[in-house]
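# Topology and contacts: notes
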2 protein chains.
Amino acid sequence: MARDTRSGKAPTSRDVAALAGVAQSTVSYVINGRQVAPETRARVEEAMRKLRYQPNAGARTLRTSKTNVIALVVHLGPEDDAVETVPYIDTVIAEARRHDYDVILSTLHEGPEGLIRLARRSICDGFLLMDVQEYDERVITASDLDLPVVLVGRPVEARGLDVVDFDTRKTAHLLVDELAATGHRHVAVHDEPPGNAGVYRFLDDFYTGLRERADRHGMELSIIPLEDDSWNSIAQTADPLLDHCHDRLGIIARTPRITQSIVQLLQSRGLVPGEDVSLVSRCTDEMATSFPRPLTNVSPQPRKLTTLAMQFLFDRLAGSEEPARLQLVEPESVTRRATTVNYTRRS
Amino acid sequence: MARDTRSGKAPTSRDVAALAGVAQSTVSYVINGRQVAPETRARVEEAMRKLRYQPNAGARTLRTSKTNVIALVVHLGPEDDAVETVPYIDTVIAEARRHDYDVILSTLHEGPEGLIRLARRSICDGFLLMDVQEYDERVITASDLDLPVVLVGRPVEARGLDVVDFDTRKTAHLLVDELAATGHRHVAVHDEPPGNAGVYRFLDDFYTGLRERADRHGMELSIIPLEDDSWNSIAQTADPLLDHCHDRLGIIARTPRITQSIVQLLQSRGLVPGEDVSLVSRCTDEMATSFPRPLTNVSPQPRKLTTLAMQFLFDRLAGSEEPARLQLVEPESVTRRATTVNYTRRS
DNA sequence: TTGAAAGCGCTAACAC
DNA sequence: GTGTTAGCGCTTTCAA
C-alpha cells in the first residue's frame, strides 16, 4: 500500500508479496511455475499486475548464474557485403526472443578480449560467432570459455565447437547444372580478389563445386582474376568475360556486388542477359527480383542458416553434451527467371 | 591457493582478496579507483591477473543499479532500406564501448512491451530508439520509463525526450542549389509511395526543402508519383521523368534504391548521366563512388547522426537534467562528381 | 501448499 | 589506507 504508484523505484517481489499477503517465496513460485494454490496464485498475479512488477534481471542472474543473454559477434565493417548481415541479425534476435533470451551485439573491434570480458563477467550465457574464418583467433579464445559457442563459418580447427555454414559447393553444383541443362558450353566466373584466398572456407568450396560440375558436364570453365570488387576492376574484365559470348556462355556471379556490376557491364555493352548470354547468381530471391530482368538465382538462405545455428546454441544452453556437430545448409534449388537462355530449345 | 585453475567456476573478488591477503573491500577499491597504497594495489592486481578475474556483472548491477547496457531499438525488416542500418549499428556499438557500455539489440517485433520489459527488469540503463515515426507508439511508452531515452527521428510530440534527426530540408537545399549553380532549369524527383506519407518527418522536410529552393531559383519542379519503389513502378515513370531531358533537367534521387533504378533506367534509354541529363543523389559517398559513373551526391552522414545521439544519451546517463534537446544533423556539402552537367560552361 | 532464512558477488558506509 | 559489515532482489533448500 505504500509504494504503489510512486515512480523512481521499481517494485520488488517483496512488494508484491506484501500486497498479496504472502511470502516472497510464494511470489517466486508463481513466477517460476511451481505448484501454487489457484486462489493464492490469483492474488499474487493480481498484485504483480497492479504494481506492474517485473523481476530484476541482475538479482536473478546472481542467484541462478543464468543471464538469459546471448552474445552475437559480427563483423560490421563498411567494406564488407554488410547488406547480407541484416537478415542474420534479425533472425538471431527473433529466435532468441522465442526462447526468452536477449541479444548483445558485439563487433570485432574489441578483439578476443571482448569474448573473455562478456563470458567471465557473466554478461551472457553463450556465443554465436559469425563470419568465422579458417584461421580465426576468436575460435581458440572461445573454446577456452567453458560456455556454449556456435560458429557460423568453418575454421580449420573447430576445437570441439558446433559449426554451421553454407553449403556453397552444392550451390555451385546447382548453378552449373542449371547452365548445363539449358545447353551452355562455357562457364565464366570471377575469381576472388587476392586478399580473400584461404580466408573463408565457403569460398574455396564454391570454386571446387564449379570445377567438379563443369568437368562432369564437359563444360569449359573460365575463372577470371580480379584485383578487387570495385566497379573499375570488374569493368576491366569485360573482354575475357565476354569472349565466349557467342558460344553459349553462362556467367556465374557469387556476390550481390559482382552481380550488380555484371548487370551494368552487360547493359553498357548492349548485351541482354537471357538473350545474348546467361547470368545466374548466388543471391537472395529479393535481390534477384529487384532487377529490370529478374535473375536466375540460387538463394543462400541466410535465415535458414541462422535458425539452425540458434538451434544448436539452445541445445547446448539446455545442457546437451553431444559431440560437436558440423552442419552445412544446402540451398533449395535454382529458380529460373529471365536471365537464362535455353539453348536446348533454340538449336 | 585452492581454486586456482580449476575451471567451471569463475573466481570472485573474495578469491582475489584471499590470494592477495587483503579484505574484499580492498579489491573493490582497486577496481573502482579509490585510493589504495601502491604496494597493496600491486598485490591485488597481481592476484586478479593470476586468477584472470573479472567482476560479476549481475552482482554489480544488483548493488549499484547500473547495468552498463544500453538498448538499441531498430527496425530490421527486409522491406526497408536495411543497408543503411548497418553503419548506424556499428557506430552505436563503437560509441557504447568507448564508454564501457554494451549494447542489447531489440527489434520492433515485440512492440512497446519490449521496452517495459528491458527497463523494469533492469536489463539496461537507457534506450536509443531508431526510425522514430511522427506517430510512434514507442514514444509514449518510452517517456513513461523514467530512464534516459534518445529518439532518432522526430515524433510530433517528443514528450520531453531528446531527439536527433537528419536535416533533410538542408539536404534538399544543397541538391537544388547544385543544380541551379550549374544552370539547370528543371528539377524532377520521385514522390514517396503513398504508404510513406506522414510517417517520417524527414520525408516531408525533404520535399519542402526542394520546393523552397526551386521557387527561389525559379526552377520548375516535377514531383512524379510512384506506387512503390520496385523497379517496375520506377520504370513506368520514365516518360514523365525524362520529358524535360533536353531542357536542362536535373534528377534528384532520395534513396539508394531509387538511385539504383534511375541509373539503370537512364542506361536502358541510352542516356548518360552527366552528359544528357544530370543526376544528383542523397546517398553515402561509398555508394556514390560504386557506380560506373560516380554520382554527384550529398551524404546524409549516418555516423555523425549516431554519434550525436549517443552523446545525448551519455549526457543523460551521466545525470544531465537539461531541458530536452532537438538537434538536426546537417549534411556537409554537395560532392560534385561525374553525373552533373554544367550548363553554365556550355552555352 | 506455503513460509523462513540463507546466500549468490559485489559496493559503500562506517569504523579503526 | 584498510577492514567489517549490511544489503541490493532473487531463488531455493528445509521445515512446518
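None of these values were measured; they are calculated from a predicted model.

## Quick notes on the overall build of chain A
Helix and strand counts for chain A come out as 15 helices and twelve strands. The C-alpha atoms of chain A give 27 Å as radius of gyration, which overshoots the globular expectation for 347 residues (20 Å, by more than 25%). For the C-alpha atoms alone, the extent of chain A along its principal axes is close to 85 × 40 × 35 Å. When burial is assessed residue by residue, chain A has 54% of its 347 residues classed as buried. Expressed as a percentage of contacts within chain A between residues at least 6 apart in sequence, the contacts between residues at least 24 apart total 68%. Surface accessibility of chain A: about 15800 Å² in total, with carbon and sulfur atoms responsible for 47%.

## So, the interface of chain A and chain B
Each side of the interface is counted separately: chain A has 49 residues, and chain B has 48 residues. There are four salt bridges connecting chain A and chain B. Salt-bridge contacts for Glu110(A) lead to Arg97(B); the nearest nitrogen and oxygen are separated by 3.1 Å. Counting across the interface, chain A meets chain B through 14 residue pairs in polar contact (both at pLDDT 80 or more). At the level of secondary structure, the elements contributing two or more residues to the side of chain A that touches chain B comprise α4 (57-64), α5 (85-98), β2 (102-107), α6 (112-120) and α12 (256-268) of chain A. A per-element tally of the side of chain A that touches chain B places α12(A) first, with six residues. With three bridges connecting them, β2(A) and strand β2 (residues 102-107) of chain B associate as antiparallel partners. When the bridges of β2(B) are listed, Val103(A) appears paired with Leu105(B).

## A few points about the protein's contact with DNA strand C
Near DNA strand C lie 26 residues; those nearest to it are Thr26(A), Thr40(A), Ser13(B), Tyr53(B) and Arg63(B). Backbone sugar and phosphate groups make up 64% of those atoms of DNA strand C lying within 4 Å of the protein. Side-chain polar atom of Arg63(A) to a base nitrogen of DNA strand C: 3.2 Å apart, as the coordinates give it. Those elements that provide at least two residues to the surface near DNA strand C are α2 (24-31) and α4 of chain A together with α2 (24-32) and α4 (57-64) of chain B. Among the elements that make up the surface near DNA strand C, the one with the highest residue count is α2(B) (five residues). A per-class count over the surface near DNA strand C returns ten nonpolar, twelve polar and four charged.

## A look at the environment of Leu174(B)
All names here are of chain B. With respect to the helices and strands, the residue Leu174 is situated in helix α8 (residues 168-181). When the C-alpha positions of Leu174 and Gly319 are compared, they lie 38 Å apart, and in sequence the two are 145 residues distant. Excluding residues within four positions of it along the chain, Leu174 makes contact with Val298, Pro331, Glu332, Ser333 and Val334.

## Regarding helix α6 (residues 112-120) of chain B
Within α6(B) the residues assigned to the buried category are Pro112(B), Gly114(B), Leu115(B), Arg117(B), Leu118(B) and Ala119(B). Residue Ser122(B) follows α6(B) closely and has a positive phi angle near 55 degrees.

## What about the relation of the copies chain A and chain B?
For the match of chain A to chain B, the screw axis carries a shift of 0.0 Å, the RMSD comes to 0.0 Å, and the turn is 180 degrees. This pairing of chains is accounted for by a two-fold axis. In this assembly the copies share their binding face: 98% of the residues contributing to the interface of chain A also contribute to that of chain B.

## Observations concerning the protein's contact with DNA strand D
The environment of DNA strand D is made up of 27 residues, and the closest members are Ser13(A), Tyr53(A), Arg63(A), Thr26(B) and Thr40(B). Across the atoms of DNA strand D situated within 4 Å of the protein, the share located in sugar and phosphate is 56%. Within the contact set of DNA strand D, a phosphate oxygen lies 2.6 Å away from a side-chain nitrogen or oxygen of Arg60(A). Those elements that place two or more of their residues in the surface near DNA strand D are α2 and α4 of chain A together with α2 and α4 of chain B.

## Digging into the domain arrangement of chain A
Segmenting chain A into domains produces domain 1 (13-62), domain 2 (66-166 + 302-329) and domain 3 (168-299 + 333-346). Look at where the C-alpha atoms of domain 1 of chain A and domain 3 of chain A centre, and you get two points 61 Å apart.

## Let's talk about unusual backbone geometry
Of note in this structure, Ser65(A) is not a glycine but carries a positive phi near 55 degrees. Here the phi dihedral of Asp100(B) falls at roughly 65 degrees; this positive angle occurs in a residue that is not glycine. In this structure, Asp100(B) sits in the loop between α5 (85-98) and β2. The class for Asp100(B) is partly exposed, based on a relative accessible area of 37%.

## A short note on the confidence of the model for chain A
Averaged over all residues, the pLDDT of chain A equals 93, while 95% of them reach at least 70. Contacts from residues 1-6 of chain A, a stretch scored under 50 in pLDDT, to residues over four places away or in other chains number five contacts.

## Digging into the sheet that holds strand β1 (residues 69-74) of chain A
If you trace the twelve strands from one edge of the open sheet to the other, you get β11(A)-β5(A)-β4(A)-β3(A)-β1(A)-β2(A)-β2(B)-β1(B)-β3(B)-β4(B)-β5(B)-β11(B), paired in mixed fashion. Where the open sheet ends on each side, the last strands, each with one partner, are β11 (326-329) of chain A together with β11 (326-329) of chain B. Mean inter-strand twist for the sheet, computed between neighbouring axes without regard to direction, equals 20 degrees. Bridge count between strand β1 (residues 69-74) of chain B and strand β3 (residues 126-129) of chain B: four bridges; the pairing is parallel. Considered in β3(B), the bridge of Ile70(B) is made with Gly126(B). Packed on one face of the sheet, α6(B) meets β2 of chain A together with β1, β2 and β3 of chain B and runs near 155 degrees to β3(B).

What counts and what doesn't
- Residues numbered from 1 in each chain as written.
- Chains lettered and ligands numbered in written order.
- Predicted model: local features only at pLDDT ≥ 70, side-chain atom pairs only at ≥ 80, totals over all residues.
- Heavy atoms only, no water.
- Helix = DSSP H or I, 4+ residues; strand = E, 2+ residues; numbered from the N terminus.
- Rg over C-alpha atoms; globule rule 2.2 N^0.38 Å.
- Buried < 20%, exposed > 50% of the residue type's maximum accessible area, 1.4 Å probe, protein only.
- Contact = heavy atoms within 4.5 Å.
- Areas by Shrake-Rupley, 256 points an atom, 1.4 Å probe, with all protein chains shown as cover.
- Salt bridge = Lys/Arg side-chain N within 4 Å of Asp/Glu carboxyl O.
- Polar contact = N/O pair within 3.5 Å; in protein donor to acceptor, adjacent residues only side chain to side chain.
- Pairing = 2+ DSSP bridges.
- Near = heavy atom within 4 Å.
- Nonpolar A, V, L, I, M, F, W, Y, C, P; charged D, E, K, R; others polar.
- Least-squares fit on C-alpha atoms with pLDDT ≥ 70 in both.
- Domains from an automatic or database assignment.
- pLDDT = per-residue confidence, 0-100.
- Axes fitted to C-alpha atoms, helices over the stretch in contact; angles between N-to-C directions.

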